Amino acid sequence: MEVDSNYEDEEDGHENGEGEENGAEAENDDDDDDDDDDEDGSADEGDYCSSSGRESSAPLRRQPLQRSAAAQPQLEVDSNSEVDDCDAWSHSGGSSSLDSETTSIGSAAFEYEYENGRRYHGFRAGQYALPNDEAEQDRLDMMHHIYSLMLGGKLHLAPLRKPRHILDVGTGTGIWAIDMAELYPEASIIGTDLSPIQPGWVPPNVQFFVDDAESDWTFDGEFDFVHIRGMLGSTEDWPRLIEQVFTALKPGGYIEIFECPTFNIASDDDSYHNKTKLWRFYDLANKASKMAGRPLTMAGDPLEFLTDAGFVDLSDDVVKLPLGTWPVDKKMKELGHWMTLMIQTGFEAYGLGLLTRFLGMSPADAKQLFQDCENEVKSKSVHGYFDM
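Residues numbered from 1 in each chain as written. Predicted model: local features only at pLDDT ≥ 70, side-chain atom pairs only at ≥ 80, totals over all residues. Heavy atoms only, no water.

Asks: Would you mind going over the overall build of the protein in detail, with residue names and values included?
Replies: For the protein, the count of helices and strands is eight helices and 13 strands. Of the contacts formed within the protein by residues at least 6 apart in sequence, a portion of 78% connects residues at least 24 apart. For the protein, the accessible surface area stands at approximately 17300 Å², while carbon and sulfur atoms represent 45% of it. (Helix = DSSP H or I, 4+ residues; strand = E, 2+ residues; numbered from the N terminus. Contact = heavy atoms within 4.5 Å. Areas by Shrake-Rupley, 256 points an atom, 1.4 Å probe, with all protein chains shown as cover.)

Dropping the structure here:
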C-alpha cells in the first residue's frame, strides 16, 4: 500500500469508514431478502472467513480446497514516519441499542480469579489464559468493530435464509449474538462462554449460558448456523470441536469460523525480524500457549478439519489486517488505527497470564515487553500484518 502523509485526510477517512460500515449494516437487511432468491447459496466474492455447508444427504463427500490468499497484493508502506497518536482517534462504544422487549440473563459462575491486577474466569479456571475484566471486555467489543469493518458492516458471510436457530461459540461480551438477534428477530440465538460477562438485559430472542465448548455437546441437529470467532488459545482439540459443530447443525446448516490461524504477523519488506520486540512477544506467547495445551496458533489446516468432519462447499478467503497505521490505503490505515488502539491492552491480555505462568517471567518484565511492542507499533518501524 502507498503511504499517506496527510494525517488530516486519515481522520476524514476514518469518519467515512464509519459511515460506510453503518450503511453496510443497513443494507444487510435488504441482503437477507435477496438471499432468499439466491439459489446457488454462494457467498459474495471477497469473503474473509471460512463458511461451510453441512451436506443434507447421508454420504460425506470432500470438495477440492482452494485458497485465495495468493491474490492478496502487497501492502504499500506510508512514508510518513511520524509516530502514531492514537488519541486523535475516538473509540465509539460499539454496543447495540436494545429497543425491543428485554429479558434477564440468569446468573452463574461469578466466582472469578485475580492475578497481577487482572481478573480471570473461575469456571474451569485456567483453561483460558486471557482475562475477562472490563478492560478486556472493551477490547473484545473493539475487535467486534474491527471485524465488522473487515466484513463491510456484515455480521456474517454465510448465505443464510431466514435462520431459526443460531449458536455463537465463545460469545465473549455477547455483542455479536445481540446484533444477530436484532438482525434476525425471528431467530433464537444462543451464546456460550466460560465467563458470564454478557449484559444483564438482552433481546428476548437471545440466551447466554456458561459452558465449556470442549465438553460433550448435547445439541443434535438443532442449528441453522454456528459461529466461531476468537477461540484460538482456548481450544485444545479443533477437530473434535468442529465435529461437534457438525453434529449440532441441521442438514444444510452452516459453520463460519473467523480466526487468524497463525498467531504472528508477517511483513512484505523484512521490517519484521528476530531483532524486533514484536518478534520476541509472538515467539514467547506461542511457546507459552503450547505449554498451556491450548496453542494460539492452530495446529493443522482448518479446511482439512472441516472436510474430515463432513462439511462441503467450503470457502476460505484471506485478508490482511495491518498492525499499525503504516499502510497508504485508507481502509487498511483505518483498520491499523483501530488495531493500534486495541493493542493498548491487547499485548497484556494475550501475554500476561501466559508469560508469567508458563515461562516464569516477572509481571514487571512482561509489562515492559508489552510497552516496548506498543511503542514499536506506534513508531511504524515494523510494517506487519495478520493474514486473517
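Asks: Help me get a handle on the side chain of H121, residues and values and all.
Replies: Locating H121 in the fold gives a position in the loop between β4 (118-120) and α2 (134-150). Classification of H121 as buried rests on a relative accessible area of 2%. Leave out the neighbours within four places in its chain, and H121 touches E111, Y112, E113, G126, Q127, Y128, N132, L194 and S195. (Buried < 20%, exposed > 50% of the residue type's maximum accessible area, 1.4 Å probe, protein only.)

Asks: Tell me about the nonpolar core, and name the residues and values.
Replies: Residues L278 and Y282 are the most contacted members of the largest nonpolar core, which totals 48 residues. If one sorts the elements of this core by residue count, helix α7 (residues 330-358) sits on top with eleven residues. In contact with Y282, not counting residues within four places along its chain, are F263, N264, I265, Y272, L323, F347 and F386. In terms of nonpolar packing, the next biggest core, distinct from the first, is built from 26 residues, L167, V226, M231 and L306 among them. (Core = buried A, V, L, I, M, F, W, Y, C linked by side-chain atoms within 4.5 Å.)

Asks: Account for the packing of aromatic side chains, naming residues and giving values.
Replies: Per the counting criterion, the structure on display carries 13 aromatic pairs. Here F219 and F223 contribute two aromatic rings whose centre-to-centre distance is 4.9 Å and whose plane-to-plane angle is 75 degrees, an arrangement assigned as edge-to-face. Note on accessibility: F219 and F223 belong to one class, buried. Ring geometry for F246 against F311: centres 5.1 Å apart, planes inclined by 90 degrees, an arrangement best described as edge-to-face. In this pair, F246 sits in helix α4 (residues 238-248) while F311 sits in strand β11 (residues 311-315), placing the two residues 65 residues apart along the sequence. (Phe/Tyr/Trp six-rings, centres within 6.5 Å; stacked < 30°, edge-to-face > 60°.)

Asks: So what's going on with the pattern of salt bridges? Residues and values would help.
Replies: A complete count under the given rule lists twelve salt bridges for this structure. The salt bridge partner of D212 is R124, with a shortest N-O separation of 2.6 Å. Placement of D212 in the loop between β8 (206-210) and β9 (223-229) and of R124 in the loop between β4 and α2 is noted, with a sequence separation of 88 residues between them. Exposure remark for R124: the relative accessible area of 39% places this residue in the partly exposed category. The partner of R294 in a salt bridge is E236, and the shortest N-O contact between them spans 3.7 Å. Linking R294 in the loop between α5 (277-292) and α6 (302-309) with E236 in the loop between β9 and α4, this pair joins segments that are 58 residues apart in sequence. A single salt-bridge network, built from bridges that share partners, covers R118, D133 and E348. (Salt bridge = Lys/Arg side-chain N within 4 Å of Asp/Glu carboxyl O.)

Asks: Before we move on, can you summarise the pairing of strand β6 (residues 188-193) with the specific residues and values?
Replies: A large share of β6 lies buried, amounting to five of its six residues. Here strand β5 (residues 165-169) pairs with β6 via five bridges, running parallel. Within β6, the residue paired with D168 across the bridge is G191. With respect to chirality, the unit in which β5 leads through helix α3 (residues 175-183) into the neighbouring parallel β6 is right-handed. Alignment of β6 against β8, held across five bridges, turns out to be parallel. When the bridges of β8 are listed, I190 appears paired with Q207. (Pairing = 2+ DSSP bridges. Right-handed = clockwise from strand over helix to strand, strands pointing away.)

Asks: Would you mind going over unusual backbone geometry in detail, with residue names and values included?
Replies: Of note, the phi angle at D270 is positive, near 65 degrees, even though the residue is not glycine. Within the fold, D270 resides in the loop between β10 (249-258) and α5. On the basis of relative accessible area, D270 is assigned to the exposed category, the value being 62%. Even without being glycine, D313 reaches a positive phi, approximately 55 degrees. Tracing the sequence through the fold places D313 in strand β11. D313 gets classed as partly exposed once you look at its relative accessible area, which sits at 47%.

Asks: So, a nonpolar patch on the surface: which residues are in play, and what are the values?
Replies: Side chains of M291, F358 and L359 sit close together on the surface and give an oily, nonpolar patch of about 250 Å² of accessible area. By secondary structure assignment, the location of M291 is in helix α5. (Patch = residues over 30% accessible without salt bridge, like charges linked within 9 Å, V, L, I, M, F, W, Y side chains within 5 Å.)

Asks: Explain the environment of L183 residue by residue, including any values.
Replies: In this structure, L183 sits in helix α3. On a C-alpha basis, the gap between L183 and L155 in space is 8.9 Å, while along the polypeptide they are 28 residues apart.

Asks: So, the packing of α4 against α6: which residues are in play, and what are the values?
Replies: It is the contact of α4 with α6, at a shortest axis distance of 9 Å, that shows an interaxial angle of 45 degrees. In terms of their interaxial angle, α4 and α6 are classed as oblique. Note that α4 runs across α6; the crossing there is right-handed. Each of W238, P239, I242, E243 and F246 in α4 lies in contact with α6, whose residues at this interface are F305, L306 and A309. For the contact of α4 with α6, a count of residues per class yields seven nonpolar, no polar and one charged. (Axes fitted to C-alpha atoms, helices over the stretch in contact; angles between N-to-C directions. Parallel < 35°, antiparallel > 145°, perpendicular 65-115°, else oblique. Left-handed = near helix turned anticlockwise from the far one by under 90°. Nonpolar A, V, L, I, M, F, W, Y, C, P; charged D, E, K, R; others polar.)

Asks: Any details on the packing of α7 against helix α8 (residues 363-379)? Residues and values, ideally.
Replies: Helix-helix packing is characterised by the crossing angle of the two axes and by the distance between the axes. With their axes 9 Å apart at the nearest point, α7 and α8 run at an angle of 150 degrees to one another. Classified by the interaxial angle, the pair formed by α7 and α8 is roughly antiparallel. Considering how the two elements wind past one another, α7 and α8 form a crossing that is right-handed. In contact with T340, I343, Q344, F347, E348, G351, L352, L355 and T356 of α7, α8 contributes P363, A366, K367, L369, F370, C373, E374, V377 and K378. Its residues assigned to classes, the contact of α7 with α8 comprises ten nonpolar, four polar and four charged.

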